[in-house]
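Here's the letter readout for the chains.
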Amino acid sequence: MTNTGSMHNDGELVRRVADGDKAAIRLLFHRHHARIFRFVARMTRSESVADDVANDVFLELWRQAGKFEGRSEVSTWLLGIARFKALSALRKRTEDELDDERAENVADASDDPETMAMKESKSVRIRRLVDMLPTEHRVVIDLAYYHGRSVAEIGEVLAIPVATVKTRMFYARKKLGEALQAAGQDRGWP
Amino acid sequence: MAMNAEPKTTLRDEMESLLPFYLNGTLDGDDLVRFDAWLAADPAGAETLAAAEAEFAASMVANEAIRPRADALSRFSVALDRQARPAPVNTLLARASSWFASKPAWLPWAAAAAMLAVVAVQAITLNAAGDGPQVAGAPAVDAPFALIAFKADAPVERVAAILSETGATIVDGPKPGGFFRVAIPATDGTAYDAIVKRITDSGLVDGMMPGIRP
């Protein structure tokens, strides 16, 4: 690693943030905000909640940078903070909001798979079915595919054992396969 | 036949749960070896790989379609300006980190990282023991200790091992010259000398200055 690189890697930026360097946290914001925002939006199914939570994640980084010990990547650490704050935000949502969300999900789930299959492309169909997975399954799918996290890193972000990550991934993909089969697309498993 | 089919199904299930990690390049160790072997041996492998690639694309498209507001950074900057400066961190690990960061280029970074790891392990051990900050950050003034500087190329495993074997713990530092204050668990001078000698004879020490000897 060159000196120039080390001055700008995420870990070094976090150390600078701990010293009160606002330019460093703005650079980290540039690098990670969009992914954190998307992670929270997918978890909470709400972009307005994600907007507040993602901002709060970086304010938390500002306050807690001195506690970062470099045992994981900064991006993994931020995802862990984001998950915690997203769960807190979900707990604060009113029952009315949750009812709206449930109604929306029921409407989605009630779509006739055969009808849907006729009017949507294969890729759109998979995307829709991934979106319909329960949150705990959709999150592991996103963390692996979109965020490129390993089994161990997902365990760290979600605060669950590695074996549980694998189990959730198994059921996520199994449910997805079954939903695809119901929509007339048999991929041979499960 | 049925008896043979069940283990194969179980293996397939397991491989299906690993497949996303094979695709994203994070699968390693035994999992990667077993996955590669399965992929080469089972004709279903190629088919399911294609299916997972479609899932991969779906996740990417679904996520990329979510766009943060364009003014996110400016709104964050406003909120940031209302924040106080981060509280100064005065942990042992933070001080060690700062010290190593200030070292000249000749100090091997790996050694610095290794020493940090030792300090981190020590801090965790102390915290786990429930001894509280008076032990981890501000040892009793009359507790036996020695000031010890470890060689820059000392392997972390060996430093951790010698400290563990002797019951010694890093409680403060680094101080000028790279010296750490190392608590020596001794109740008399003979025990103190024996522990310090064992550490200094390990070949890992660059310098030692006696502190408080009981």
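Whatever comes next refers back to the structure up there.
Residues numbered from 1 in each chain as written. Chains lettered and ligands numbered in written order. Predicted model: local features only at pLDDT ≥ 70, side-chain atom pairs only at ≥ 80, totals over all residues. Heavy atoms only, no water.

A. Here's a closer look at the overall build of chain A. When helices and strands are tallied, chain A shows 11 helices and zero strands. When the helices and strands of chain A are read in sequence order from the N terminus, they spell out α-α-α-α-α-α-α-α-α-α-α. With 190 residues in all, chain A has 52% of them scored as buried. For chain A, the proportion of contacts with a sequence separation of at least 24, taken over those separated by at least 6, is 60%. In the form shown here, chain A has an accessible surface area of approximately 9000 Å², with 51% of it arising from carbon and sulfur atoms. (Helix = DSSP H or I, 4+ residues; strand = E, 2+ residues; numbered from the N terminus. Buried < 20%, exposed > 50% of the residue type's maximum accessible area, 1.4 Å probe, protein only. Contact = heavy atoms within 4.5 Å. Areas by Shrake-Rupley, 256 points an atom, 1.4 Å probe, with all protein chains shown as cover.)

B. Layout of the pattern of salt bridges. Applying the stated criterion across every chain, the model contains 29 salt bridges over all chains. The residue A:Arg31 makes a salt bridge to A:Asp10 at a minimum N-O spacing of 2.6 Å. Of the two residues, A:Arg31 is situated in helix H3 (residues 22-44) and A:Asp10 in helix H2 (residues 10-18); the sequence distance between them amounts to 21 residues. A relative accessible area of 37% means that A:Arg31 is categorised as partly exposed. In this structure, A:Asp56 and A:Arg63 form a salt bridge, with 3.8 Å as the shortest nitrogen-oxygen distance. Counted as one network, the salt bridges with shared partners bring together A:Asp51, B:Arg69, B:Asp71 and B:Arg75. (Salt bridge = Lys/Arg side-chain N within 4 Å of Asp/Glu carboxyl O.)

C. Inspection of the interface of chain A and chain B at higher detail. Taken residue by residue, the interface counts 48 residues in chain A and 47 residues in chain B. In this structure, the connection of chain A to chain B is made through seven salt bridges. Here A:Asp51 and B:Arg69 are joined by a salt bridge, their closest N and O atoms 3.5 Å apart. Ranked by residue count, the leading element in the side of chain A that touches chain B is H3(A), at 11 residues. Of the residues in the side of chain A that touches chain B, the class split is 22 nonpolar, eight polar and 18 charged. (Nonpolar A, V, L, I, M, F, W, Y, C, P; charged D, E, K, R; others polar.)

D. Region of the structure containing the side chain of A:Arg138. Residue and element names in this part refer to chain A. Secondary-structure assignment places Arg-138 in helix H9 (residues 135-145). Buried and without a salt bridge, Arg-138 has Asp-142 as its closest oppositely charged side chain, separated by 4.9 Å. Polar side-chain contacts of Arg-138 include one of 3.0 Å to the backbone oxygen of Leu-133. When residues no more than four places from it in sequence are discounted, the contact partners of Arg-138 are Arg-42, Met-43, Arg-45, Val-130, Asp-131 and Leu-133. (Lys, Arg positive; Asp, Glu negative; His and termini not counted. Polar contact = N/O pair within 3.5 Å; in protein donor to acceptor, adjacent residues only side chain to side chain.)

E. Region of the structure containing the nonpolar core. Core analysis: the largest hydrophobic core is formed by 69 residues, its most contacted members being A:Ile36, A:Phe39, A:Leu61 and A:Leu78. When residues of this core are assigned to their parent elements, the largest contribution, 10 residues, is made by H3(A). When sequence neighbours within four positions are dropped, the list of residues in contact with A:Leu61 reads A:Val14, A:Val17, A:Ile25, A:Leu28, A:Trp77 and A:Leu78. Ranked by size, the runner-up nonpolar core spans 19 residues in total, among them B:Leu163, B:Phe180, B:Ile184 and B:Ala186. (Core = buried A, V, L, I, M, F, W, Y, C linked by side-chain atoms within 4.5 Å.)

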